[in-house]
Every structure is written in structure tokens, then in C-alpha cells.
Amino acid sequence: LAPLIEQGVIDAVLRPLQSGKEAQVYLVDVQGWTCVAKVYKEAEQRSFKHRAEYGEGRKVRNTRDARAMAKRTKYGREQVEEAWRNAEVEAIYKLREAGVRVPEPYAFVDGVLGMELVANEAGEPAPRLIDLDFDEDLALRVFNHLLAEIIRMLLAGVIHGDLSDFNVLMAPDGPVIIDFPQWSDPAISQAARKLLVRDVENVTAFLARHAPALEGLSFGEEMWALYESGDLSQDSLLTGKWTGPKRSANVS
């Protein structure tokens, strides 16, 4: 972060906030405001698995870069790394334009993403879902809010790919989804259905611990079926009782 201080992008580093699979997050001061700076780890330091599954789900506009990345040349590996660091910025701007509640970015310099601090009412970093106590009513309200956000994300061309109770923050105005370096475009990713269903199942399973009415429901498969048929909209009412298409048995 020292170069960003020298460039005047941030004024001071306050303290480390969190270390994850892909990045280290710090609290920083920017002109008197407390913000966060997300520093992406080098490839050999990252622990996120199955990255190819996510990378193939995003377009590379430059065909020369795409060929080099596919061949894993030295230049191609460098472009893979650059694309990985740029991915979250691209997703955040797409989602903010679509009305999804994600942190507001203010700078992306030298592989460091500066964003708003999602805070609680006291101005401290907002808790993750995993850190909260829920009653049944709150769990259902949070679930319905997140289900609507996942639909909005899908319609905007973004599947989170690693959504869980660890990367949803609870702000005073509701849940805020974070951490998008592994997102995929459902229009081109061969793993799109699997990733979407897993995201929805993760959220459902966590909140079902506090709201038993959610147990055994399959919102992800239902959402994907509507999306694939072109019938998904922000007003779609999901039941979670999707059973899949009926097929005749092949007895020949």
C-alpha cells in the first residue's frame, strides 16, 4: 500500500481487517473517511481451487491475449493474473448499474481495489452473516432479500461463484454481497448452472438453520430453469419446489 500513499490515493493505513483466500483487506483513511483497500494475493499465495472453472466463464476481448492465456505462455500467464485482478472491479460496476447492493468502489490502482467500508450503525465494519444471531423472521427476510439479489445478479450477467454466509455483510439497510474475483458470466460459462445452484444452496442451507421452512427447497434449480427458458424476471415468484422436467424412460 506504500505506493498508494505516495500517489495520494490513500492517506494512511489504519489496520488489517481480514485475510481471505484471494486477498488481504485493510482499513485505510481517505481524506478523513474510513474505507477499505483490498490487496490481491499473488497466484502462489492464493488458496482458491478450480480457478479454470471460473476463468472460462468470462470473456477476454483481445484475441491475442486469449490465445496466449489458453496456451499458458509467460505472457499468457501474466494476462491471466491481470484479468483475475480486474474481474472484481468489472463485476462490481456491472452490479451497481443493475441495482445490486455491493460496495461502492473509488479506485483501482496497481492491483489494489479501494472501496467503501460497509459499516454498522456505530460506524464499525459490518458483521458477516456467519457472525450474527438470527430469529426465524429475520432469517426469512434476509433469505428473500438475497434471493432477489441473486436473481438481479443473474439477469445482469453475473454469477458470484462462491456465495455463502462468509461474504454477505449485514449493513443497517440490509445485506451487502462482497468478494467477486471468481464471478462467471452465465451466457458463456459451461459451469454456470452448477455455480448458481451451489450459491443458492449455500445461502438456503445457512438460513434454514434458523428458518426450518427453507429446508429441502430447491430455489437454484428453479431459478436456472427460468433463466435458461428466458422466463426469469425480477418479479418471478420462486417456490423452491422445482422437480425438473419429466422424461420418458428409454426402454429400447
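What this report covers is the structure whose coordinates are included nearby. Computed from a prediction, not measured in an experiment: that's the story for all the values here.

### Some details on the packing of helix 5 (residues 136-155) against helix 6 (residues 192-208)
Two measures define how a pair of helices packs: the angle their axes make with one another and the distance between the axes.
1) Next: Taken N-terminus to C-terminus, the directions of helix 5 and helix 6 make an angle of 170°; their axes are 10 Å apart at the nearest point. Between helix 5 and helix 6, the crossing angle belongs to the class labelled roughly antiparallel. Between helix 5, through Ala-139, Val-142, Phe-143, Leu-146, Leu-147, Ile-150 and Leu-154, and helix 6, the contact on the second element is made entirely by Leu-196, Val-200, Val-203, Thr-204 and Leu-207.
2) Next: Each residue belonging to the contact of helix 5 with helix 6 can be placed in one class, and the counts come to eleven nonpolar, one polar and no charged.

### Observations concerning the sheet that holds strand 2 (residues 23-30)
1) Next: As summarised here, the arrangement of the five strands in space is 1-2-3-5-4, forming an open sheet in which the pairing is antiparallel. Bordering the open sheet on either side are strand 1 (12-19) and strand 4 (105-109), each of which pairs with just one other strand. Sheet twist, expressed as the average angle between the axes of neighbouring strands with direction ignored, equals 25°.
2) Next: Where strand 2 meets strand 3 (residues 33-40), eight bridges bridge the pair, whose relative direction is antiparallel. When the sheet's bridge partners are listed, Asp-29 is paired in strand 3 with Thr-34.

### What about the packing of aromatic side chains?
1) Next: Under the criterion given, the structure shown has three aromatic pairs.
2) Next: Arranged with centres 6.0 Å apart and planes meeting at 80°, the rings of Phe-134 and Phe-206 form a pair that is edge-to-face. Linking Phe-134 in the loop between strand 5 (112-116) and helix 5 with Phe-206 in helix 6, this pair joins segments that are 72 residues apart in sequence.
3) Next: Given the relative accessible area of 12%, Phe-134 is considered buried.
4) Next: Residue Phe-206 is classed as buried on the basis of its relative accessible area of 4%.

### Focus: the side chain of Gln-182
1) Next: Turning to its location among the elements, Gln-182 is positioned in the loop between strand 7 (174-177) and helix 6.
2) Next: Of note is the side chain of Gln-182, whose polar atom sits 3.0 Å from the backbone oxygen of His-160.
3) Next: Of the polar contacts made by the side chain of Gln-182, one reaches the backbone oxygen of Asp-179; its length is 3.1 Å.

### A look at the packing of helix 6 against helix 7 (residues 219-229)
1) Next: Relative to each other, helix 6 and helix 7 sit at 140°, their axes nearing to 8 Å. Judged by the twist between their axes, the crossing of helix 6 over helix 7 is right-handed. Here helix 6 contributes Ala-192, Arg-193, Leu-196, Val-197, Val-200 and Thr-204 to the contact with helix 7, which in turn contributes Phe-219, Gly-220, Glu-221, Met-223 and Trp-224.
2) Next: Its residues assigned to classes, the contact of helix 6 with helix 7 shows seven nonpolar, two polar and two charged.

### Digging into helix 5
1) Next: Its 20 residues place the ends of helix 5 29 Å apart at the C-alpha level, agreeing with the 28 Å of an ideal helix rising 1.5 Å per residue.
2) Next: Taken together, the buried positions of helix 5 are Ala-139, Val-142, Phe-143, Leu-146, Leu-147, Glu-149, Ile-150, Ile-151, Met-153 and Leu-154.
3) Next: Where helix 5 begins, one side-chain oxygen reaches toward the backbone nitrogen of Asp-137, 3.3 Å away; that side chain belongs to Asp-135.
4) Next: One or two positions beyond helix 5, positive phi appears at Gly-157, with a value near 90°.

### Topic: the environment of Val-9
1) Next: Within the secondary structure, Val-9 sits in the loop between helix 1 (2-6) and strand 1.
2) Next: Beyond its immediate chain neighbours, meaning those up to four positions away, Val-9 contacts Leu-4, Val-30, Tyr-106, Ala-107 and Val-109.

### Re unusual backbone geometry
1) Next: If you check the backbone angles, Asp-110 has positive phi at about 50° while not being a glycine.
2) Next: Relative to the assigned elements, Asp-110 resides in the loop between strand 4 and strand 5.
3) Next: Looking at Asp-110, the relative accessible area reads 60%, which means it is exposed.
4) Next: Of note in the backbone geometry, Asp-179 takes a positive phi value of approximately 65° without being a glycine.
5) Next: Structurally, the position occupied by Asp-179 is in the loop between strand 7 and helix 6.

Quick notes on the rules
- Residues numbered from 1 in each chain as written.
- Predicted model: local features only at pLDDT ≥ 70, side-chain atom pairs only at ≥ 80, totals over all residues.
- Heavy atoms only, no water.
- Axes fitted to C-alpha atoms, helices over the stretch in contact; angles between N-to-C directions.
- Helix = DSSP H or I, 4+ residues; strand = E, 2+ residues; numbered from the N terminus.
- Parallel < 35°, antiparallel > 145°, perpendicular 65-115°, else oblique.
- Contact = heavy atoms within 4.5 Å.
- Nonpolar A, V, L, I, M, F, W, Y, C, P; charged D, E, K, R; others polar.
- Pairing = 2+ DSSP bridges.
- Phe/Tyr/Trp six-rings, centres within 6.5 Å; stacked < 30°, edge-to-face > 60°.
- Buried < 20%, exposed > 50% of the residue type's maximum accessible area, 1.4 Å probe, protein only.
- Polar contact = N/O pair within 3.5 Å; in protein donor to acceptor, adjacent residues only side chain to side chain.
- Left-handed = near helix turned anticlockwise from the far one by under 90°.
- Expected span 1.5 Å × (residues − 1).

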